[in-house]
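Next come the chains, spelled out residue by residue.
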Amino acid sequence: MKIWLDGALLDGATARVSVFDHGLTVGDGIFETVKAVDGATFALTRHLDRLTRSARGLGLPDPDHDEIRRACAAVLEANPMRLGRLRITYTGGHAPLGSERGGHGPTLVVALGEAARRADSTAAVTVPWTRNERGALSGLKTTSYGENVVALARAHRQGASEALFGNTLGRLCEGTGSNVFVVLDGEIHTPPLASGCLAGITRELTAEWTGAQETDLPLDVLEQADEIFLTSTLRDVQAVHRVDGRELPDAPGPVTAKAMRIFAERSGNDLDP
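Nothing here was measured: the structure is a model prediction, and the numbers come from that model.

> Let's hear about a nonpolar patch on the surface: which residues, and what values?
Side chains of Val 19, Phe 20, Leu 24 and Leu 97 sit close together on the surface and give an oily, nonpolar patch of about 440 Å² of accessible area. Within the fold, Val 19 resides in the loop between strand 2 (8-11) and helix 1 (22-25).

> A description of the side chain of Ser 232 should follow, citing residues and the corresponding values.
One can find Ser 232 in strand 13 (residues 227-232). Accessibility expressed as a relative area gives 12% for Ser 232, which makes it buried.

> Could you give an account of the environment of Ser 138, naming the residues involved and the relevant values?
Looking at the secondary structure, you find Ser 138 in the loop between strand 7 (121-131) and helix 4 (146-157). For Ser 138 and Cys 197, which are 59 residues apart along the polypeptide, the C-alpha to C-alpha distance reads 7.2 Å. In contact with Ser 138, other than residues within four places in its own chain, are Asn 132, Glu 133 and Gly 196. Separated by 3.3 Å, the side chain of Ser 138 and the backbone oxygen of Glu 133 make a polar contact.

> Before we move on, could you go through unusual backbone geometry and cite the residues and values that matter?
Going from Ala 251 to Pro 252, the amide bond is cis rather than trans, its omega being -5 degrees. By secondary structure assignment, the location of Pro 252 is in the loop between strand 15 (246-247) and helix 6 (254-269). The phi dihedral of Ala 43 falls on the positive side, at around 60 degrees, and the residue is not glycine. Tracing the sequence through the fold places Ala 43 in the loop between strand 4 (40-41) and helix 2 (44-58).

Scoring rules and cut-offs
- Residues numbered from 1 in each chain as written.
- Predicted model: local features only at pLDDT ≥ 70, side-chain atom pairs only at ≥ 80, totals over all residues.
- Heavy atoms only, no water.
- Patch = residues over 30% accessible without salt bridge, like charges linked within 9 Å, V, L, I, M, F, W, Y side chains within 5 Å.
- Areas by Shrake-Rupley, 256 points an atom, 1.4 Å probe, with all protein chains shown as cover.
- Salt bridge = Lys/Arg side-chain N within 4 Å of Asp/Glu carboxyl O.
- Helix = DSSP H or I, 4+ residues; strand = E, 2+ residues; numbered from the N terminus.
- Buried < 20%, exposed > 50% of the residue type's maximum accessible area, 1.4 Å probe, protein only.
- Contact = heavy atoms within 4.5 Å.
- Polar contact = N/O pair within 3.5 Å; in protein donor to acceptor, adjacent residues only side chain to side chain.

Below is the structure:
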């Protein structure tokens, strides 16, 4: 496996990032996960734009989009596969052992891993922890993923593939690595960015292509929704057939199935929408 590290394509088994890298010591970094199909990326421009927004929110220098595109192309060419998870990681770089940054500049890593096509439906659980919609990292895709690791492990123990968070106001927010949509009386709704959720690329495209509405929703909407589905880079649009103890046996329902078809068609016709 070949990866890109700070300007060069290296063997994945021997490439090394400093133990003093701020992304390792304090989680001072951002990332993007990009779907790659037969060596072609999907929605790379939107991902790079969000990477820049996250960098600015964290106070990191703007990433060089041209360099990252070259890195992605080199990694994809060196590691041919049918379906891949292309990971772009951008950190604060070499720094002292503390919260302050050093002067060495950012670290850039681009790596690729194989992915499997997701099932048409999945199970999810809610968790007792909250997203802080007013936090300094709210809406940023950072490498500070400890809360997600804990929540996702809880979901796995309960036979689910995703954990869903409310925010501090008791409103529906997001999953550990996905956005959530609900269908109410035939209409599609998803929490607004003000809820603290990430501005997911697949969320954004799904809303544009289906006419979904941003709606402030109580967490218990999951108990009444006619249909529920998740969106993310590797899930695309995925129905939920169980949330906590509630079964939705007909998942994907008709509205979700239509959203799945629309996303598959539109994304297949335009790789960089």
